Amino acid sequence: MNAENDKSNSVVKRRSASQWAVAWRRFRRNKAGVFGLIIVLAVVFIGIFGDFLAPYPAFPNPQALTPFYNGDVRTPPNSHYLLGTDVLGTDVLSDILHGTKYALYVGVVVTLITMAIAIAVGAIAGYFGGAIDNVLMRITEVFLVFPSLLFILIFVRVLTLGAGVGTAINFLGINIPIGLTIVILVLAVFNWPGDARMIRGEFMRVRELEFVEAEKALGASNKRIIFRHILPNILSSIIVVASLTIAYAILLEAGVSFLGFGDVNTMTWGQILENNFASMRVVWWAELFPGLAILITVFAFNLLGDGLSDALNPRLRD
Amino acid sequence: MLRRLRAVAQSSMFRYIVRRLLYMIPVVLGISIIAFITMYAAGDPISLIKMGKPNVTAQTLEALKAYYGLDKPIPIQYLKWLTNIFQLNFGKSLYGGGSVNSLIGPEIWPTIELQVISIIIAFAISIPIAVHSARKPYSKQDLAVTSFSLFGVSMPTFWFGLILIIVFSFSLGWFPSAGAKGAAGFLWWGNPALDVIAHFILPVIVLVYVSLAQNIRLIRANMLEVLRSDYILAARASGISDRKVVYRYALRNAITPAITFLALALGSMLAGAPMTEYVFSWPGLGRQYVSSTLGLDFPTIMAITMLITIMTLLANLIMDILYVYIDPRVRIR
């Protein structure tokens, strides 16, 4: 009797844990996804320890920059400077390693804000429906239809006009660049609508399922249904979209910086490309390698996202 | 004749179009107000331009403000701007003081040329590739196509342009690196027509690759979804040839989202591809927008923003109308 009870208990337990375990097993079989995950982990490692790995110190504040900082300007790749030096005389490899943390900062923070707005809007519109859904979707459509890059450029330009943009705030011993943070906020504000529409669709789908109806019959509050029942059910889709959003945010920030709208005091990968653009005929290495860093990182997050999508939504692959 | 006109006016399609056009008016006004306030809230452009030029006298500044009408309160400025718009007058550029019309007028055509060519090529190629790849998912060919398109969406557009310039222009010297036309006496490939083509090739490659990659991913994913649906199975079961099933039945459903994408691309065409135009110094609206925004040339920014807004809304309307014909499930209300 007792033994049988134990046995059935353990079966139930294994079942409840299995959804993610099954997904992980499926993910592990996907070589491309695993490859993406490994590169992502490597990028995160460099993001954390890049400052110690870099052979030369970080790019100094340009205002304090003496010309020809290291003495060796525009040196092609050699044994001292593995990826050469750029027009300012800084080591390109070091710039890339130092810049990794900014790429991750951009990707992660933009995604967090984007997902927060998207989940709020998508949940309200998809769960309640009706007039409120109509209003929220009209607003979303306006955002979706317009070429957001142009609006991003205006907002970044206008918002970074103020004083103090070149400085950084010290938060728990980490320097947070203000200019880059403004860029991040603007990117997030223009990035949520697509994701909000996806989450709304998921909410509308799950809302109609029987277990939600059962919850309602039991008298559960809307808040409880949304947060405890529907949200966990669509978590897999949210994870996939988040991974792709990180990739997209990194690309977008690089573009904004390259066009000259970025934070000039923060050496993001896009900023390195922008600084050397005028002399690219000479310093091609300072354009090639930072771009490769962007490509590899974004590619890895996209691979990871596609792999997660295959693993978490198996109906798409049979 | 009159009766036919009346019939047209009473048709639901006509009423639908009129309603949509009327609905655009508040949207356009709203966007123009938001853009206007955002820009002018940043400070008045004259004092922004003055920054770092201490020698400008107060009198000169006053004269400049009066010239641009910036001495009046913002609501008045907005109304003045709005009445000018109805006469297709976008005001004066803050650089050089010439009219915005004469500044951006010549830049519209190069942007449209570049965009239309790239969008058409990308669409024409992407459909057969995506369909072919979706018919045998996870085969070697499909793997090649998906990695090719994944690279395309993972690559910074402008960086791809930079690499093309470094390789094909600087190293090999095959194509020009900048502009849309060679100067007289410096024509590429000897004659004016070939010269224009030479200037098009690299930017078109960049734009085509980017939208090709996005299209392929979109159409392939839809195609996979559609090919798994019951009606395709039914069609196969009734012995219709595979080719016909794919191209006649499945493609029609798989392609609708791609048409949305096409409409969006055409609608935002005037926005150009700011990064590509910037990299190739293309004399178009996208590059103008970048330099105007960097230089805080507010009237020019407003003009381009409004052009794009109206184009985008019109393209969306046309797309919605087309849907009625493409997708029999869509009804106008």
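All of the points below concern the structure found in this document.

Thresholds, definitions, all that
- Residues numbered from 1 in each chain as written.
- Chains lettered and ligands numbered in written order.
- Predicted model: local features only at pLDDT ≥ 70, side-chain atom pairs only at ≥ 80, totals over all residues.
- Helix = DSSP H or I, 4+ residues; strand = E, 2+ residues; numbered from the N terminus.
- Contact = placed C-beta atoms within 7 Å.
- Nonpolar A, V, L, I, M, F, W, Y, C, P; charged D, E, K, R; others polar.
- Axes fitted to C-alpha atoms, helices over the stretch in contact; angles between N-to-C directions.
- Parallel < 35°, antiparallel > 145°, perpendicular 65-115°, else oblique.
- Left-handed = near helix turned anticlockwise from the far one by under 90°.
- Expected span 1.5 Å × (residues − 1).
- Bend = angle between axes of the 7 residues up to and from the residue.
- Buried ≥ 20, exposed ≤ 12 C-beta atoms within 10 Å, placed from the backbone.
- Core = buried A, V, L, I, M, F, W, Y, C linked by C-beta atoms within 7 Å.

Tallying secondary structure elements over chain B gives 15 helices and 0 strands in all. If you line up chain B on its principal axes, its C-alpha atoms span 85 × 65 × 40 Å. In chain B, 70% of the contacts between residues at least 6 apart in sequence involve partners at least 24 apart.

With 31 residues of chain A in contact, the opposing surface of chain B contributes 33 residues. Among the secondary structure elements, those contributing two or more residues to the side of chain A that touches chain B are α4 (130-145), α5 (148-159), α8 (222-258) and α10 (284-312) of chain A. Among the elements that take part in the side of chain A that touches chain B, α10(A) stands out by supplying 9 residues, more than any other. Each residue belonging to the side of chain A that touches chain B can be placed in one class, and the counts come to 24 nonpolar, 4 polar and 3 charged.

What follows is about the packing of helix α3 (residues 92-128) of chain A against α4(A). Residues and elements named next belong to chain A. Interhelical geometry of α3 versus α4 gives an angle of 140° and a closest axis separation of 7 Å. In terms of their interaxial angle, α3 and α4 are classed as oblique. Considering only the axes of α3 and α4, their crossing is left-handed. When α3 is examined against α4, the residues V121, I124, A125 and F128 are found in contact with a partner set consisting of G130, I132, D133, L136, M137 and T140. Here the residues of the contact of α3 with α4 are counted per class, giving 7 nonpolar, 2 polar and 1 charged.

Another aspect to go through is the packing of helix α6 (residues 100-135) of chain B against helix α15 (residues 298-326) of chain B. Residues and elements named next belong to chain B. At a minimum axis separation of 10 Å, α6 and α15 run at an interaxial angle of 45°. Taken as axis vectors, α6 and α15 run oblique relative to one another. Crossing geometry of α6 relative to α15 is assigned as right-handed. In this structure, α6 uses V100, L103 and I104 to contact α15, whose residues at the interface are P299, T300, A303 and I304. Here the contact of α6 with α15 is built from residues that sort into 6 nonpolar, 1 polar and no charged.

This paragraph deals with α6(B). Counted at 1.5 Å a residue, the expected span for α6(B) with its 36 residues is 52 Å, and the 51 Å between its end C-alpha atoms agrees. Remark: the principal bend of α6(B), roughly 25°, maps to B:S126, with a proline, B:P128, within the next four residues.

Below, the discussion takes up unusual backbone geometry. Negative phi characterises most residues that are not glycine, and trans characterises most peptide bonds. Residue and element names in this part refer to chain B. Even without a glycine there, the phi angle at S281 is positive, about 45°. Mapped onto the elements, S281 comes out in the loop between α13 (274-279) and α14 (285-294). Here L296, not a glycine, exhibits a phi torsion of approximately 55°, which is positive. Here L296 shows up in the loop between α14 and α15. Among the residues examined, L296 registers 21 C-beta atoms within 10 Å and is labelled buried.

Further remarks concern the nonpolar core. With 148 residues, the main nonpolar core has A:I152, A:L153, A:L187, A:I250 and B:M223 as its most contacted residues. Here the element with the most residues in this core is α8(A); it accounts for 18 residues. Excluding its chain neighbours within four sequence positions, the residues that come into contact with A:I250 are A:A103, A:V106, A:G107, A:I294, A:T297 and A:V298.

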